[in-house]
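# Working through the structure, step by step
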Amino acid sequence: MAKDKRDVTEAPVNFGANLGLMLDLYDDYLQDPTSVSDDLQVLFSTIKNGEAQVKAKFTTDGSGTSADDSTIKRVMRLIDNIRQYGHLKADIYPVNAPKRTHIPKLEIEDFNLNKETLKNISSGIVSDHFSDIYDNAYEALKRMEKRYKGSIAFEYNHINNNKERTWLKRRIETPYKATINSDEKINLFKTLAHVEGFEKYLHKNFVGAKRFSIEGVDTLVPMLQHTLKRAAQEDIQNIQIGMAHRGRLNVLTHVLEKPYEMMISEFMHTDPMKFLPEDGSLKLTAGWTGDVKYHLGGVKTTSSYGIEQCISLANNPSHLEIVAPVVIGKTRAAQDDTHHAGGPTTDFHHGMPIIIHGDAAYPGQGINFETMNLSNLNGYSTGGALHIITNNRIGFTTEPIDGRSTTYSSDIAKGYDVPILHVNADDVEATIEAIDIAMEFRKEFHKDFVIDLVGYRRYGHNEMDEPSITNPTLYHNIRQHDSVEVIYGNKLVDEGILTKEQMSEIIDSVQKEMRTAQDKIDKSDKMNSTVMNKPESLQLPLQSDKKEFSFEHLKEINDAMLNYPEDFQVFRKLNKVLEKRREPFENENGLVDWAQAEQLAFATIVQDGISIRLTGQDSERGTFSHRHAVLHDEDNGNTYTPLHHVPNQKATFEVHNSPLSEAAVVGFEYGYNVENKNSMNIWEAQYGDFSNMAQMIFDNFMSSARAKWGERSGLTLFLPHAFEGQGPEHSSARLERFLQLAAENNSTVVNLSSSSNYFHLLRAQAKSLNTEAMRPLIVMSPKSLLRNKTVAKPISEFTTGSFKPIIVEDAQKAKVTKVILASGKMFIDLKETLAKEPNENIQLIAVERLYPFPEEDIKKALEELPNLESVAWVQEEPKNQGAWLFVYPYLKSIVGHQYNLSYQGRIQRAAPAEGDGEIHKLVQHKIIENSVKNN
Ligand SMILES: Cc1ncc(C[n+]2csc(CCOP(=O)(O)OP(=O)(O)O)c2C)c(N)n1
């Protein structure tokens, strides 16, 4: 279940400050045991006689005399420092450990202590988890040093939640019993041999081919396999992985079990699909223009880890880290049950995200901050993502000194109160323990966890790059360094688990396995077709839903949504506004405005069994205070969501105020809808101009994913757009950008002028979901038009009708000499002007759908006008923006040489709109005045 309230407990007690503090805390404890931390409660509960006993607790003979206060103080400061800063001296670097200076004191001698003194002090002073295990503080300290300065470095002191810190401290300090038996060790070695053998085979047989080798962080694969095993033990059936290029081919073949034959075929440019497992367990989609092999994903259903699990690797564009929110959205979709009335129910045990980051990209790309900010929010949480940084300590040619201002690549996670482990990628068993700790933490606290897997990069950025050009000393050392396969194999030989011969046999057998796979491929079976046509399902524009509704049906819905529980007190002023929503059903002049049209559409959609998820900044109320999808009791603040109470509701409705981000939240909604294609995911921008913060999602996923990867999405965007004197930013949603991205019927782009057309469009979009014809919908949504009477329509336009790509105003056709084409607010301004100053020579047409451009509909409308002389395109945006440059070729081909074609609107401008509201009015007035002139 999603958490209703987040635990924010008091700041943690600084356990190691000094004895005086301990005595004060003991006093507090005597007053109120719960006033001190959990571990102190345990410690103090063992003490019977006051202050003297507190001192005695920390001395070996119990007399309180063998160590004085100053010694105790120094021991405790040392322990505290080891816990907080031990990571700075940990053995986590396989090669080229950084030279750190000004490290806090971490040695016994630094505190003027020695072995003898420490041997006279009880081990309990070092850690309450050690008191029964070690004889004295010296032995316990040695263990602490080994733990905190070993192959795993722990960072958890930044966590504010005392329960989580205490849990981590206990988990770290309780002596860990390695549970890896000999068979498991041999299996681990075999996995590493496959991981490395795969890369070596490709390196030797496909010289210079880009593969972004995993070598240097090879343990990623056994770590992922172990994660899947741990997840299976918790019955987590759906695992969503996101990662960039590095090691991706290895993960595809060894985690998603994509056969070697398929992997090698891709290098040979032969048809890999011939080797797709026939049991249907591996699902790969492909687009018609395709993508490079290290961007491709897949979905594998496997029982390799004990239960049937669905493991998905998300398709990935080149843009580093941008897949992170997409994976989180996909996971949340896998966790949500949306097939019932009300809001969705979320089960964190149903799915889990794993996001694999690059060490340069993780702190460098802001999308990670945005995505981690979603991790604890009701509308977005997945109950904890596992983040693994494949830290090869270089980004292309850039070393950390030039790449980040922080000690570790992982430091950004600290702001999110997330535990961080750094682990040496050469210590395979430590990497497995890191996964154990992460999985146990997730199970306990449903929070994110970061593992910084510290290794190196065996080759250049890709296999064609020579790294010694830019990083000669680093690569000198890397070349001398044994691979983890060799290091771990030798370790098992030393432990007597393997012989040298067995080790070599295993390594050789992988090469044979790969050779056998390649031998199955027919070299001449080259893929050289240049036919790259879009699917038939996209030949037509979005099709309208012809469903009709009775007046009574819509009234029943409307009444239900205005009927609140008896004890719910709607804010009085708002209630008056909402009560107006009865008018269209009670009064023949009553009109359905934009917000009511939307609410009626949503209600009928959830009745049809399609769930709706609407998010955006302040979307519950609506930026323009029009939606009111969540009501607040004015007496007690309780909330009520009318769309949870639709009669015969078959699917859920949810709306969330999003955090103040665009890229991550749009990526999340995109991913959600890709995973649950039956969900109508709508993202609403506060103002449309802010959507460019999510441009990467529009470019790399929304508009192109289907052509590249065969990934279908029906994401809907509401982008408030209109030139209303609010300055250069809050006017334009950059319609031109969406039109430029539009091709091959990959989307629907609209700028509407009628509430009923909005109703029918939303229904059409919902109906298309989960079909081959689904595609994104981009709505230039209104601002002032939300309350405009010309936009609002009578209920008769809702009971029947369908989406209209153009709306042709009434005119006496024979008299018309001029056609004006316009959209959205511009159309309404023109319509209202012509209503005041009628001109029978003018035929006004609203172009509601801009893409696919309704060429045929416009042509037909013009053909009905026998005396037509000219056609004008009128827009509010400057000439270099808006739709003009996009529609011009279409219009030119429609009018040919028969009619005169003209443009009316702002001239070319660098900034979209005027800064001054009064100037805006003058400019707008001029455009309208010029437009409604005859010719
Ligand atoms: C947003 C973005 N900017 C730049 C690049 C170009 N680029 C590709 S890989 C790379 C280095 C990545 O380094 P790191 O994150 O450490 O991953 P590694 O390749 O070392 O595994 C760069 C700069 C990119 N793909 N995406």
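Treat the numbers as computed from the prediction; the structure is a model and nothing was measured. Note that residues are indexed from 1 along each chain, following the sequence as it is written. Per-residue local features of the predicted model are confined to residues with pLDDT of at least 70, and side-chain atom pairs are confined, for both listing and counting, to 80 or more; whole-chain, interface and lining totals are unaffected and use all residues.

Attention now goes to the domain arrangement of the protein chain. In terms of domain boundaries, the protein chain breaks down into domain 1 (182-338 + 346-520), domain 2 (595-793) and domain 3 (806-932). Here contacts are defined at the residue level, using C-beta atoms placed from the backbone and a cut-off of 7 Å between them. Each partner contributes residues to the interface: domain 2 has 28 residues there, and domain 3 has 29 residues. We count a stretch as a helix when DSSP gives it H or I for four or more residues in a row; a strand needs E for two or more, and each element gets its number in order from the N terminus. Secondary structure elements with two or more residues in the side of domain 2 that touches domain 3: helix 27 (735-741) and strand 18 (748-751). For the side of domain 2 that touches domain 3, the leading source of residues is strand 18, giving 4 residues. Following the grouping adopted for this structure description, the nonpolar residues are Ala, Val, Leu, Ile, Met, Phe, Trp, Tyr, Cys and Pro, the charged ones are Asp, Glu, Lys and Arg, and the polar ones are all others, Gly among them. Along the lines of polarity and charge, the residues of the side of domain 2 that touches domain 3 split into 13 nonpolar, 14 polar and 1 charged. Throughout, the edges of the domains are those of an automatic or database domain assignment.

Across the chain, each position has a pLDDT score giving the predictor's confidence in that residue, from 0 to 100. Summary statistics for the protein chain give a mean pLDDT of 93 and a share of 94% for residues scoring 70 or more. Predicted confidence is poor over residues 61-65, with pLDDT under 50, and the contacts of this stretch with residues over four places away or in other chains come to 7 contacts.

The environment of the ligand is made up of 15 residues, and the closest members are Arg 246, Gly 358, Ala 360, Ala 361 and Gly 395. Its residues assigned to classes, the shell around the ligand shows 5 nonpolar, 7 polar and 3 charged. Each residue receives a C-beta atom placed from its backbone. It is near a molecule or strand if this atom lies within 6 Å of it.

Before going further, it helps to examine the sheet that holds strand 8 (residues 351-358). Strands sit in the order 1-10-11-9-8-2-5-4-3 across an open sheet of 9 strands; the sheet is mixed. On the outer flanks of this sheet lie strand 1 (152-155) and strand 3 (282-283), each paired with one strand and no other. Strand pairing is assigned whenever DSSP detects at least two bridges linking the two strands. The pairing of strand 10 (residues 420-424) with strand 11 (residues 449-454) spans 5 bridges and is classified as parallel. When the bridges of strand 11 are listed, Asn 424 appears paired with Val 454. Strand contacts of helix 9 (residues 220-233): strand 2 (238-242), strand 5 (309-313), strand 8, strand 9 (386-391) and strand 11, with the helix running at about 170 degrees to strand 9, the strand carrying the most contacts. Comment: axis = line fitted to C-alpha atoms, over the contacting stretch for helices; angle = value between 0 and 180 degrees taken between N-to-C directions.

Our next topic: the sheet that holds strand 18. Taken together, the 7 strands give an open sheet; going across it, the order is 15-12-16-17-19-18-23, and neighbouring strands pair in mixed fashion. On the outer flanks of this sheet lie strand 15 (653-657) and strand 23 (849-851), each paired with one strand and no other. Strand after strand, the sheet turns through a mean of 20 degrees between neighbouring axes, direction not considered. The sheet strands contacting helix 23 (residues 594-607) are strand 12 (611-616), strand 15 and strand 16 (679-684), and the helix crosses strand 12 at an angle near 140 degrees.

Moving on to helix 11 (residues 260-268). Those residues of helix 11 lying buried are Tyr 260, Met 262, Met 263, Ile 264, Ser 265 and Glu 266. Where the residues of helix 11 are buried, they touch helix 10 (248-254) and helix 19 (500-519). Directly beyond the C-terminal end of helix 11, a positive phi value near 60 degrees is found at His 269. Note on burial: count the other C-beta atoms lying within 10 Å of the residue's C-beta; 20 or more is buried, 12 or fewer is exposed, in between is partly exposed, and C-beta positions come from the backbone.

Here strand 1 shows a buried face lined by Ile 152 and Phe 154 and a second buried face lined by Ala 153 and Glu 155. As defined by bridge partners, strand 1 adjoins strand 10 across 4 bridges and the pair is classed as antiparallel. Paired with Ile 152 across the bridge in strand 10 is Val 423.

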